[in-house]
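Listed below, chain by chain, are the residues.
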Amino acid sequence: MKTALAQSIHKALKRQNLAGILDRWNYPATRAKAYEGVDIEALRNQIAEIKGSAAEHLEELAEKFKKSAEARGAKVFRANSPEAVKDYITNLCKEKGVKKIVKSKSMATEEIHLNQHLAEHGIQADETDLGEWIVQLAHQTPSHMVMPALHLTKEEVSDLFSEETHQQQPTDIQQLVKVARKELREKYFAADMGMSGANIAIAETGTLVICTNEGNARLVTTLPKIHVALVGLEKLVANYTDAAPIITALPKSATSQLITSYVSFITGPSPNTDGSMKELHIVLMDNKRTAMAKDPKFKEALQCIRCASCLNVCPVYRLVTGHVFGHIYTGGIGTILTAWFNEMETTGDIQGLCIGCGKCKEICPGKIDIPALILELRRRVASKEGLPFIQKTALSVINNRKLFHAMLRAASIAQKPFVKEGFIRHLPMFLSNLAEYRSLPTIAPVPFRDVFKKINQPKSKTKVSFFSGCAIEFVFPKIGAAIVKVLNKADMEVVFPEDQSCCGIPHWGSGSFDMAAAAAAHNIKPLLADDVKYVVVGCATCATALKKEWPQLLKDQNMDSLVPDAKKVAAKTIMFSELVNKLIEEKKLTPKDGLKLQSITYHDSCHAKRHVGIYKEPRAALTAAGYELKEMFECDTCCGMGGSYTVKQPEISMQMLKRKLKNIEDTGAEYVSAECPGCLIQIGGGLDKSGSKIKAKHPAELMEDKFK
Amino acid sequence: MFNQFKAAAEAAGNTEVQRFGTNAEAFNFIEGFLKKEEIKDTPGSYAIWADAPILKGVDTTALAAKVPGLKFQVTRELSKNAKIGITQMEWGLANMGTLAQDSSAVEQRLASSLSWIHIALLPSDRIVADLPALMTKMHPGKSNYIALITGPSKTADIERVLAIGVHGPERLVIICVDELGGMN
Ligand code: SF4
Ligand code: SF4
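Residues numbered from 1 in each chain as written. Chains lettered and ligands numbered in written order. Predicted model: local features only at pLDDT ≥ 70, side-chain atom pairs only at ≥ 80, totals over all residues. Heavy atoms only, no water.

## A look at the overall build of chain B
Stated formally: Only DSSP runs of H or I with at least four residues qualify as helices, and only runs of E with at least two residues qualify as strands; both kinds are numbered from the N terminus onward. The globule rule is 2.2 Å times the number of residues to the power 0.38, and the radius of gyration it is compared with is taken over C-alpha atoms. Accessibility here uses a 1.4 Å probe with only protein chains present; expressed as a share of the type maximum, an area under 20% marks a residue as buried, one over 50% as exposed, and anything in between as partly exposed. When checking whether two residues touch, look at their non-hydrogen atoms; a contact exists if any pair is within 4.5 Å.
Secondary structure assignment for chain B yields six helices and 12 strands. Relative to a compact globule of 184 residues, whose C-alpha radius of gyration would be 16 Å, chain B shows 16 Å and is just as compact. Oriented by its inertia axes, the alpha-carbon framework of chain B measures out at about 45 × 45 × 30 Å. Counting all 184 residues of chain B, 62% fall into the buried class. Taking as baseline every contact in chain B between residues at least 6 positions apart, the subset at least 24 positions apart corresponds to 77%.

## Focus on helix 17 (residues 331-341) of chain A
Extensive coverage of helix 17 of chain A is indicated by the burial of 11 of its 11 residues. For helix 17 of chain A, the full list of buried residues reads Gly-331, Gly-332, Ile-333, Gly-334, Thr-335, Ile-336, Leu-337, Thr-338, Ala-339, Trp-340 and Phe-341 of chain A.

## Digging into the site of ligand 1
Basically, it comes down to this: Residue proximity to a molecule or strand is established when one non-hydrogen atom of the residue lies within 4 Å of it. Just so you know the grouping, Ala, Val, Leu, Ile, Met, Phe, Trp, Tyr, Cys and Pro go in nonpolar, Asp, Glu, Lys and Arg go in charged, and all remaining residues, Gly too, go in polar.
Near ligand 1 there are 13 residues, and of these Cys-304, Cys-307, Ala-308, Cys-310 and Cys-364 of chain A occur at the shortest range. Residues belonging to the shell around ligand 1 are distributed by class as follows: 11 nonpolar, one polar and one charged.

## Describing the domain arrangement of chain A
Many descriptions give the size of an interface as the accessible area lost when the pieces come together. All names here are of chain A. Let me state the cut-off plainly: Segmentation into domains, and thus their bounds, comes from an automatic or database assignment. Counted as salt bridges are all cases of a side-chain nitrogen of Lys or Arg within 4 Å of a carboxyl oxygen of Asp or Glu. What qualifies as a polar contact is a pair of N or O atoms within 3.5 Å, subject to a donor-acceptor requirement within protein and to the restriction that residues adjacent in sequence count only when both atoms come from side chains.
Domains assigned within chain A are domain 1 (4-290), domain 2 (423-585) and domain 3 (598-703). Each of domain 2 and domain 3 has a C-alpha centre, and these two points are 20 Å apart. Listed by partner, the interface residues are 41 residues for domain 2 and 37 residues for domain 3. At the boundary of domain 2 and domain 3, one finds one salt bridge. The salt bridge partner of Glu-701 is Lys-478, with a shortest N-O separation of 3.8 Å. Counting the contacts that link domain 2 with domain 3 gives six residue pairs in polar contact (both at pLDDT 80 or more). For the side of domain 2 that touches domain 3, the secondary structure elements donating two or more residues are helix 24 (469-474), helix 25 (477-489), helix 28 (540-556) and helix 30 (576-585). Top contributing element to the side of domain 2 that touches domain 3 by residue count: helix 28, with seven residues. Residue classes in the side of domain 2 that touches domain 3 are distributed as 24 nonpolar, nine polar and eight charged.

## Observations concerning unusual backbone geometry
Positive phi is not limited to glycine here, since Lys-367 of chain A has a value of about 55 degrees. Along the chain, the position of Lys-367 of chain A falls in the loop between helix 19 (359-363) and helix 20 (370-385). On the basis of relative accessibility, which here comes to 33%, the residue Lys-367 of chain A falls in the partly exposed class. One non-glycine residue with positive phi stands out, namely Glu-38 of chain B, at about 55 degrees. By the secondary structure assignment, Glu-38 of chain B is in the loop between helix 2 (23-36) and strand 2 (47-49).

## Examining the interface of chain A and chain B
How we decide: Using a 1.4 Å probe, buried area is obtained as the accessible area two parts lose upon being combined, added over both of them.
Facing the 65 residues of chain A at the interface are 51 residues of chain B. Interface area lost by chain A to chain B is led by Arg-181, Arg-218 and Tyr-240 of chain A, which between them contribute 15%. Its salt-bridge partner being Lys-80 of chain B, residue Glu-186 of chain A comes within 2.9 Å of it at the nearest N-O pair. At the boundary of chain A and chain B, one finds 37 residue pairs in polar contact (both at pLDDT 80 or more). Secondary-structure elements contributing two or more residues to the side of chain A that touches chain B are helix 2 (17-25), helix 9 (130-137), helix 10 (154-165), helix 11 (173-190), helix 12 (216-220), helix 13 (243-255) and strand 9 (262-267) of chain A.

## Brief notes about the sheet that holds strand 19 (residues 671-673) of chain A
Residues and elements named next belong to chain A. To keep it simple, the criterion reads: Paired strands, in this sense, are two strands between which DSSP finds at least two bridges. For helices, the fitted axis covers only the stretch in contact; all axes are lines through C-alpha atoms, and the angles between them, taken along N-to-C directions, range from 0 to 180 degrees.
Pairing within the open sheet is parallel, and its four strands lie in the order 18-17-19-20. A strand with exactly one partner marks an edge of an open sheet, and here the two such strands are strand 18 (628-629) and strand 20 (695-697). Its contacts with the sheet put helix 35 (residues 677-689) on strand 19 and strand 20, and the angle it makes with strand 20 is roughly 165 degrees.

## Some remarks on the packing of aromatic side chains
Let me state the cut-off plainly: By convention, a stacked pair of Phe, Tyr or Trp rings (six-membered ring in the case of Trp) has centres within 6.5 Å and planes under 30 degrees apart, an edge-to-face pair has planes over 60 apart, and any other such pair is tilted.
In the structure shown here, the tally under the stated rule is 17 aromatic pairs over all chains. Summarising the aromatic geometry, the rings of Trp-508 of chain A and Phe-513 of chain A are spaced 6.5 Å apart at their centres and angled 25 degrees between planes, so their arrangement reads as stacked. Across the pair, Phe-513 of chain A and Trp-508 of chain A agree in class, each one buried. Measuring from ring centre to ring centre gives 5.3 Å for Phe-20 of chain B and Phe-29 of chain B, while their planes differ by 40 degrees; the resulting arrangement is tilted. Judged by its relative accessible area of 16%, Phe-20 of chain B falls in the buried class. Taken together, Phe-448, Phe-452, Phe-466 and Phe-496 of chain A form an aromatic cluster joined through their ring pairs.

## Some points on the site of ligand 2
Residue and element names in this part refer to chain A. Around ligand 2 sit Cys-314, Pro-315, Val-316, Gly-332, Cys-354, Ile-355, Gly-356, Cys-357, Gly-358, Lys-359, Cys-360 and Pro-371, and those are all the residues in its vicinity. Secondary structure elements with two or more residues in the shell around ligand 2: helix 16 (315-324) and helix 19. A per-class count over the shell around ligand 2 returns eight nonpolar, three polar and one charged.

## Here's the deal with the nonpolar core
All names here are of chain A. Stated precisely, the cut-off is as follows: Nine residue types can take part in a nonpolar core, namely buried Ala, Val, Leu, Ile, Met, Phe, Trp, Tyr and Cys, and a core is a set of them joined through side-chain atoms within 4.5 Å.
Core analysis: the biggest nonpolar cluster contains 114 residues, and Phe-65, Phe-265, Ile-282, Val-316, Val-320, Ile-333 and Ile-336 have the highest contact counts within it. Ranked by the residues each element gives to this core, the list is headed by helix 13, at seven residues. Taken domain by domain, the makeup of this core includes at least three residues from each of domain 1 (4-290) and domain 3 (598-703). Contact partners of Val-316, with chain neighbours within four places excluded, come to Phe-325, Leu-353, Ile-355, Tyr-645, Ile-652 and Met-656. If you look at the next biggest cluster of nonpolar residues, it comprises 88 residues, including Ala-545, Leu-622, Leu-657 and Ile-681.

## Comments concerning the sheet that holds strand 3 (residues 70-71) of chain B
All names here are of chain B. Taking strand neighbours across the sheet as the criterion, the six strands line up as 1-12-7-4-2-3 in an open arrangement whose pairing is parallel. Each edge of the sheet is formed by a strand with only one pairing partner; in this case those strands are strand 1 (15-20) and strand 3. Of the strand pairs in this sheet, strand 4 (residues 84-88) and strand 7 (residues 117-123) are connected by five bridges, and their pairing is parallel. Bridge assignment links Ile-86 to a residue of strand 7, and that residue is Ile-119. Contacts between helix 1 (residues 2-11) and the sheet are confined to strand 1, strand 7 and strand 12 (171-177), with strand 1 contributing the most and set at about 155 degrees to the helix.

## A short note on the side chain of Ser-264 of chain A
Along the chain, Ser-264 of chain A falls in strand 9. Setting aside its immediate chain neighbours within four residues, Ser-264 of chain A contacts Leu-208, Val-209, Ile-210 and Arg-218 of chain A together with Tyr-145 and Ile-146 of chain B.

## Some words on the pattern of salt bridges
Residue and element names in this part refer to chain A. Applying the stated rule across the entire model yields 52 salt bridges over all chains. Between Asp-636 and Arg-610 there is a salt bridge, with the nearest N and O atoms lying 3.5 Å from each other. Here Asp-636, found in the loop between strand 18 and helix 33 (645-648), pairs with Arg-610, found in helix 31 (residues 606-611); they are 26 residues apart in sequence, far enough to count as distant. Accessibility assignment for this pair places Asp-636 and Arg-610 in one class, buried. Here the residues in one salt-bridge network are Arg-449, Asp-450, Lys-453, Glu-473 and Glu-498, joined through shared partners.

## Some points on the packing of helix 27 (residues 513-528) of chain A against helix 29 (residues 563-572) of chain A
Residues and elements named next belong to chain A. Formally: Here the angle decides the label: under 35 degrees means roughly parallel, over 145 means roughly antiparallel, 65 to 115 means roughly perpendicular, and every other value means oblique. The sense of a crossing depends on the near helix, which, turned anticlockwise from the far helix by less than a right angle, makes the crossing left-handed and, turned clockwise, makes it right-handed.
Close contact between helix 27 and helix 29 brings their axes to 10 Å; oriented N to C, the two are set at 60 degrees. Viewed along their axes, helix 27 and helix 29 adopt a mutual orientation that is oblique. Relative to helix 29, helix 27 is oriented so that their crossing is left-handed. For the pair helix 27 and helix 29, the contacting residues are Ile-524, Lys-525, Leu-527 and Leu-528 in the first and Asp-565, Ala-566, Lys-568, Val-569 and Lys-572 in the second. Of the residues in the contact of helix 27 with helix 29, the class split is five nonpolar, no polar and four charged.

Below you can see the structure in the form of structure tokens.
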């Protein structure tokens, strides 16, 4: 039986209108255009600095804001809990006889389900942001943080409007917007209270900054006599000028616009239309933000400016929308915020949806490492609840290479064993019972360690050690052999430390940091045993572990004594293509003369591109060897493998693969290359299953015998 | 600066930027514009003009009499059904084509946020480079409601298709006037 999550994923995957909309938008290109002439990195640093420092001084800024805003005539109420917010607002409504409220967008009110609460007290709160209104009429929650009704078609919107207005409405979008204009205008004029959020709250001046494109916030804060703003503490910044970088980045990242049509700076009350003074109430809501700010890891999440660009680029989000991935706050960042603002445990399921591809992290204007924080959530949930027994056993098996080895060899001979037992599903990669879009990889009859022993290497003074990783060891020993051959050409002798084991990334990815650290500890000594110049890795995932994660991991697990050696390993670790490119440049490897080879397209594995930053090198090396490079669309978008992701979230993984295969086919290249055996299993299996002529190859396979 | 401002403002869509040397020319243009838009004194067809420095010394009663459908009272009721709203802005931002105004007086907001067309007057020499530059000119310490306006009211909330004129103007006409140079 499918779990509730699997069912909702299945349902979401059948409705792909949101994905289609994101495709037509072509966000990466339009975003880049909006940022033309802007130093994005400088801007991101500025925002991270402004918001990061605000998070450090949350309490101080909240008090300062209160003082400044009150000095200008606003009433400021500080609320710790959602209940306190709800009570304050309902009491205010009762006191002032408020029956009708118009709201401009405020995610904070959605976070605490304010509308429902008000309705229970006989107060009607109408959303006026078009998307929010549509979602309200549909009795749904937002599917996207910036464009909340993106999942609905114009036909569905037409039905909702017809029902609301008791008359048949057209399906033409322009006309639908006019229907909303007419309906909502009456509401603005009839409302007793206007409610808003704020994009920024400036402590220095007590100012609320509100950005909209529709202009609804201007009306909400102008026409009714009372204005209540609900503001999460994370909106605070220290100074007036701190607002500029945020106002500059937000619309560019959110909607690829230079600036939103309207930006309002509201400081204290202004006169009402009848000459009286407006009543301005600002509710500063904590709801765990202070706790978050005190958390050494999660304080970073307070740097979010809610631009939703992390959703627009997320390969998982596009497939399942915010209704599956997140809750109110959607996507990767939504998973994190929901875990804090609601309950850590309730998001356990959706934490597994992030494939960790790092696409979001790369573009986040607040410089938040979203996948790392999701991983940290998993780690905390895992250490609190303990990993499920099977998962734990499976993980301990891969840590023990000899046992793992024996099991896989048995599997390889019987060709199907653990598949049905639910056990293999928790091993890092290769064996899954899902072959609808992808052929299963076969376990090689002879593992690399035995293949290696038979390779006749010329002796050399320059020794390098080879870290194979599980996939090359058991599925692709020929890649390992090709690597040895190419390096021999550069007068390097390869050693293969027999004691090596899994790099630990599968454990790390499931939040089991202690086991990941154990894996690191197991490997360090063997890798440093011979006096090697490099530790060569042919798998981008392993490279991430060796180059980046091990030292930190060991430190975090209080295994400090191993950190210096881990750093030594990190410094020596080099990806195969990186090394080959270097050797070509140093003229230690010379491509054979006049080779005119086939055409290739290159897939950037997430780990290679975004964790270790290797993407130019393989292209340069392959081109130097004589291949013709034909770039594919979205070359650095995840193929859907994601280690064990493909087994845990098979449906999403397969949809991601489908898209990748199409992009590959469209190039018309003869080979697709990637320096990650996981990607090769996924892509190669997909190509095979679809009967494609294109072959997936590791750069080493393509470069074997291509050098003098 | 003006050229950059004009290009950026017009790139925001449904926005046109005019420039005139004198106030008289600007008035002339506005009168012609109102005529072309066939404004008249019926709901949905009239124009409202919020108090503005350019009106200083102008006989608005005479002007209203001359142009039927042009009103200088900006009330809650009148703004609800106005076709055109006219206001005078204080600053322009060259890099984004943005207009800025201290909108603490509610009439300024009523006239610019409910009509179908917003005509915005701007002193031509009050165009600054960008937002940080504007921040040295306008400060929340002095203004309770600072409004930045760029292009028309718009949305892409249904299927990410652009639609103009959601709650406010679907057209923005910016008239830069050299003679307005030093306001007040
Ligand atoms: S996490 Fe970053 S990219 Fe995502 S909404 Fe927040 S600021 Fe934007
Ligand atoms: S890391 Fe990838 S899958 Fe995870 S939230 Fe970011 S973009 Fe989505």
